[in-house]
Amino acid sequence: MRALCSTHLIGEAIVICLAALVAMSLTDISTGTLWAVAGPSAVLCILLCGKLSAPWAVPAGWALQVALIAAGFVVPMMFVVGVIFAAIWYACVRVGRTIDAAKAAHS
């Protein structure tokens, strides 16, 4: 599960930064506000990669997905991006757990 979820979180961090760059040119939201939201979100994605073995990491990942969807109130396209990333997060967690269970049964 760690490999799938880590890959997802790194991709999400990249998309968050790119979305902030696009929002800077397409909206009248201040640059400081955009990066005050996008910067910590991207950093949290990266930090969470290293903590995926902790029991609180998957719920924290869900909270991050909800926050990404909520970013749609600032940049409306983020509603779509957030829902897509939440669906991918669900798939990573579900498939990752299935793979982990199959590995444990095989060992």
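About the cut-offs
Residues numbered from 1 in each chain as written. Predicted model: local features only at pLDDT ≥ 70, side-chain atom pairs only at ≥ 80, totals over all residues. Heavy atoms only, no water. Axes fitted to C-alpha atoms, helices over the stretch in contact; angles between N-to-C directions. Helix = DSSP H or I, 4+ residues; strand = E, 2+ residues; numbered from the N terminus. Parallel < 35°, antiparallel > 145°, perpendicular 65-115°, else oblique. Left-handed = near helix turned anticlockwise from the far one by under 90°. Contact = heavy atoms within 4.5 Å. Nonpolar A, V, L, I, M, F, W, Y, C, P; charged D, E, K, R; others polar. Phe/Tyr/Trp six-rings, centres within 6.5 Å; stacked < 30°, edge-to-face > 60°. Buried < 20%, exposed > 50% of the residue type's maximum accessible area, 1.4 Å probe, protein only. Lys, Arg positive; Asp, Glu negative; His and termini not counted. Salt bridge = Lys/Arg side-chain N within 4 Å of Asp/Glu carboxyl O. Polar contact = N/O pair within 3.5 Å; in protein donor to acceptor, adjacent residues only side chain to side chain. UniProt positions renumbered as here; feature names shortened; annotations may be inferred. Expected span 1.5 Å × (residues − 1).

Undergrad: Tell me about the packing of helix α1 (residues 2-26) against helix α3 (residues 57-70), and name the residues and values.
TA: Axis separation between α1 and α3 bottoms out at 13 Å; the angle between their running directions is 25 degrees. What the angle tells us is that α1 and α3 run roughly parallel. Our pair here, α1 against α3, has a crossing hand that is left-handed. In this structure, α1 uses His8, Leu9, Glu12 and Ile16 to contact α3, whose residues at the interface are Leu64, Gln65 and Leu68. Class assignment of the residues belonging to the contact of α1 with α3 gives a composition of four nonpolar, two polar and one charged.

Undergrad: Describe the packing of aromatic side chains, naming the residues involved and giving the relevant values.
TA: Taken as a whole, this structure holds one aromatic pair when the rule is applied. Their ring planes at 85 degrees and their centres at 5.0 Å tell us that Phe73 and Phe79 sit as a pair that is edge-to-face. The class for Phe73 is exposed, based on a relative accessible area of 70%. Note on Phe79: relative accessible area 31%, which makes it partly exposed.

Undergrad: Can you tell me about the side chain of Glu12, naming the residues and giving the values?
TA: Structurally, Glu12 is set in helix α1. No salt bridge is formed by the buried Glu12, whose closest oppositely charged neighbour, Arg97, lies at an N-O distance of 15 Å. A polar side-chain atom of Glu12 sits 2.9 Å from a polar atom in the side chain of Gln65. If we ignore the near neighbours within four places in the chain, the residues touching Glu12 are Cys45, Leu64, Gln65, Leu68 and Phe85.

Undergrad: Describe in detail the UniProt feature "transmembrane region" (unreviewed entry) in the protein chain, supporting the description with residues and values.
TA: In the numbering used here, UniProt assigns the feature "transmembrane region" (unreviewed entry) to residues 7-26, 32-50 and 62-90. Helix makes up 79% of residues 62-90 and strand 0%, with an end-to-end C-alpha separation of 9 Å.

Undergrad: A description of α1 should follow, citing residues and the corresponding values.
TA: Taking 1.5 Å per residue, 25 residues should reach 36 Å; α1 reaches 35 Å between its end C-alpha atoms and fits that length. Those residues of α1 that sit buried are Cys5, Ser6, His8, Leu9, Glu12, Ala13, Ile16, Ala19, Ala20 and Ala23.

Undergrad: Requested: an account of the packing of α1 against helix α4 (residues 77-106), with residues and values cited.
TA: Where α1 contacts α4, the axes come no closer than 9 Å and their chain directions differ by 170 degrees. Taken together, the axes of α1 and α4 lie roughly antiparallel to each other. Where α1 approaches α4, its residues Leu4, Cys5, His8, Leu9, Gly11, Glu12, Val15 and Ala19 are matched on the opposing element by Met78, Val81, Phe85, Ile88, Trp89, Cys92, Val93, Val95, Gly96 and Ile99.

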